[in-house]
There are 2 protein chains.
Amino acid sequence: MKPAAKIPGLDVVALLLSAHLLASAAEPARPKGPTMAAVLAASKPGDWRGLDPENTLYVELASGRVVIELAPAFAPRHVANVKALAREHYWDGLAIVRVQDNYVVQWADPDAEKPESARKIQHAQRTLPAEFERPLDPKLPFTRLPDGDIYAGEAGFSGGFPVARDKRTGKMWLLHCYGMVGAGRDNSPDSGGGTEMYVVIGHAPRHLDRNVTLLGRVVQGMELLSALPRGTGPMGFYEKPEQRVAIRAIHVAADVPESERNSLEIMRTDKPAFQELIESRRNRREEWYQVQANRIEIGNVPIPVRQKSVEPR
Amino acid sequence: MKPAAKIPGLDVVALLLSAHLLASAAEPARPKGPTMAAVLAASKPGDWRGLDPENTLYVELASGRVVIELAPAFAPRHVANVKALAREHYWDGLAIVRVQDNYVVQWADPDAEKPESARKIQHAQRTLPAEFERPLDPKLPFTRLPDGDIYAGEAGFSGGFPVARDKRTGKMWLLHCYGMVGAGRDNSPDSGGGTEMYVVIGHAPRHLDRNVTLLGRVVQGMELLSALPRGTGPMGFYEKPEQRVAIRAIHVAADVPESERNSLEIMRTDKPAFQELIESRRNRREEWYQVQANRIEIGNVPIPVRQKSVEPR
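Novice: How would you explain the overall build of chain A if you had to name every residue and give the values?
Specialist: Assigned secondary structure in chain A consists of five helices and 16 strands. Nonlocal contacts in chain A, meaning residues at least 24 apart in sequence, comprise 71% of its contacts between residues at least 6 apart. When the accessible surface of chain A is summed, it comes to about 12700 Å², and 52% of that surface belongs to carbon and sulfur atoms.

Here is the structure:
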């Protein structure tokens, strides 16, 4: 009665560490298709991609680094502004000020309300027009999920991001799934700009879709955010300044020496391997499962991340 | 530019603290219906219920108490066994051994594999037949969600729990939403029994539905579980014994002196007030929202909890 077997894992990290071992032990008991382990083990180099360092943010905390992939195809102005803010060191020494259970982690200038001590902006913008959705471009890759979506006409993945499309309105937009990063705003739709950002740490709060500009997704280091102590003030704000979690800096990866960058690869969401992965999660072939769902909701599709393999010389 | 306004909160706790204040400030700007704050403020005593101390578990940690409402209507044998285990002090001094990000927290006997040091069971059962689903009883209250469900024919709430029903198979079952509590098992469906339990701390892993016995839901103290450090071993197991989080005891609330019990009330899920609450979450009337979803997925429906008000003498 191994504890490890009691309920199966999300598997992604463990599988990536040992996918080649597991593949050789692929069980014959579930004949309908490969497990996720087998899909990963059979994947080819072209099923993966690196991160563009110009569109990758590093949030540097005392506990480690959170890696965010930015989404310029969906929020070009916010992405450009967030990079400009990083490059003028806007966040250096600011802090995570809010952690609300099953909802969001948020960082900001704790003194934003105090004109004399609020962090100044040099070249970037404080606010921007909303980028809640963008025109539907049929040329953008889109891997549609087969089982529908409660909130949108269709949901799927585009360029590594969870996306909905509406052919009637001709729009597409990013979705508030776990790990997605957005730009907080006040009541005016155009009052955000990226000075305050939040990350989803709970069940996908899809009612926020098209209400706030999403601009990226955490691809590594989620646990540095999701395991933070919850704030005890209204909406999860930390009540005492000493409870806040300092942000040492937020860097654009391209500005960090190459030797200090994270060498990550993301599974491409526009290749057959990713569709096989989706199918391996719709119908779980691991021996533990008694019932195969034959369905999947977008929040339950993982996007695998791995360390870039070092090329043999 | 108040940080507090940057993105709105889940609100439940904050609203319960100040619902009477907020109600008087109910905004006229969104005329289509009341906000959740207004629904709560307008609720009547009969819209709420206490917890049955015979079907409530207290998980006592150094950091505080996690309160679990048990679901005897869905897992009667597991509930009875878990209570028997609590009453023979099975868990006293055992530990949380696994915290997997966006998935589960799990407690168990870390020495379960070692015959000489494994915790002995005196009167309870080590394993039980699976209780993955139960016969659909149309007499059980069921508040159906209007917008469907990706995984099941219909989803809604029964007795305070998220539930699916399938009229074709004549079955109903509990759903793996945030905070739901299950009994881990090995590969055999009848290998669980409650000695190891897990709690969902991420996006609802609905592929587990009908694959494992759910037996309750955390109604208070989720943050004592969800903010724990993630385990770094495969599937989120803690790699070193000293990382484990000790369980002082698990008690049936009825066995705790009344003065030491939590005085909680849960909003009834079978009253019109709860349907109004669902509608207030399908279409958010708070001023911040630009787009009303007009849809809701079961994982985004909160079940409000409040401190029982003290009767004036």
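Novice: Describe the side chain of A:Arg49, naming the residues involved and giving the relevant values.
Specialist: Residue and element names in this part refer to chain A. Take arginine 49: it is sitting in strand β1 (residues 48-50). Looking at arginine 49, its side chain comes within polar contact range of the side chain of glutamate 69, at 2.8 Å. Apart from residues no more than four positions distant in its own chain, arginine 49 is found in contact with Glu69, Gly159, Gly160, Leu264, Glu265, Ile266 and Arg268.

Novice: Report on the nonpolar core, specifying residues and quantitative values.
Specialist: In this structure, A:Leu174, A:Phe274, B:Leu174 and B:Phe274 are the most contacted members of the largest nonpolar core, which totals 98 residues. For B:Leu174, the contacting residues outside a window of four places in its chain are B:Ala71, B:Phe74, B:Phe161, B:Pro162, B:Val163, B:Met180, B:Asp209, B:Leu214 and B:Leu215. Listed in part, the 36 residues of the second largest apolar core include A:Val59, A:Leu85, A:Leu94 and A:Trp107.

Novice: Residue-level account of the sheet that holds strand β16 (residues 305-307) of chain A, with values.
Specialist: Residues and elements named next belong to chain A. Here three strands make up an open sheet; going across it, the order is β1-β15-β16 and the pairing antiparallel. At either end of the open sheet lies a strand with only one pairing partner, and these are β1 and β16. Within the sheet, the average angular offset between the axes of one strand and its neighbour, ignoring direction, is 35°. Bridge analysis of β1 against strand β15 (residues 264-267) gives three bridges, and the strand direction is antiparallel. For tryptophan 48, the partnering residue across the bridge sits in β15 and is methionine 267.

Novice: Tell me about the environment of B:Gly50, and name the residues and values.
Specialist: With respect to the helices, strands and loops of the structure, B:Gly50 is situated in strand β1 (residues 48-50). Through-space distance from the C-alpha of B:Gly50 to that of B:Arg306 is 9.8 Å; in sequence the pair is 256 residues apart.

Novice: Can you tell me about unusual backbone geometry, naming the residues and giving the values?
Specialist: All names here are of chain A. Even without being glycine, histidine 89 reaches a positive phi, approximately 60°. If you trace the backbone, histidine 89 turns up in the loop between α3 (76-87) and β4 (95-100). Take histidine 89: its relative accessible area is 43%, and that puts it in the partly exposed class. Positive phi, normally seen in glycine, also occurs at arginine 210, with a value near 65°. On the secondary structure map, arginine 210 appears in the loop between β12 (197-200) and β13 (213-220).

What counts, and at which threshold
- Residues numbered from 1 in each chain as written.
- Chains lettered and ligands numbered in written order.
- Predicted model: local features only at pLDDT ≥ 70, side-chain atom pairs only at ≥ 80, totals over all residues.
- Heavy atoms only, no water.
- Helix = DSSP H or I, 4+ residues; strand = E, 2+ residues; numbered from the N terminus.
- Contact = heavy atoms within 4.5 Å.
- Areas by Shrake-Rupley, 256 points an atom, 1.4 Å probe, with all protein chains shown as cover.
- Polar contact = N/O pair within 3.5 Å; in protein donor to acceptor, adjacent residues only side chain to side chain.
- Core = buried A, V, L, I, M, F, W, Y, C linked by side-chain atoms within 4.5 Å.
- Buried < 20%, exposed > 50% of the residue type's maximum accessible area, 1.4 Å probe, protein only.
- Pairing = 2+ DSSP bridges.
- Axes fitted to C-alpha atoms, helices over the stretch in contact; angles between N-to-C directions.

Scope: geometric values only; no functional claims are made or implied.
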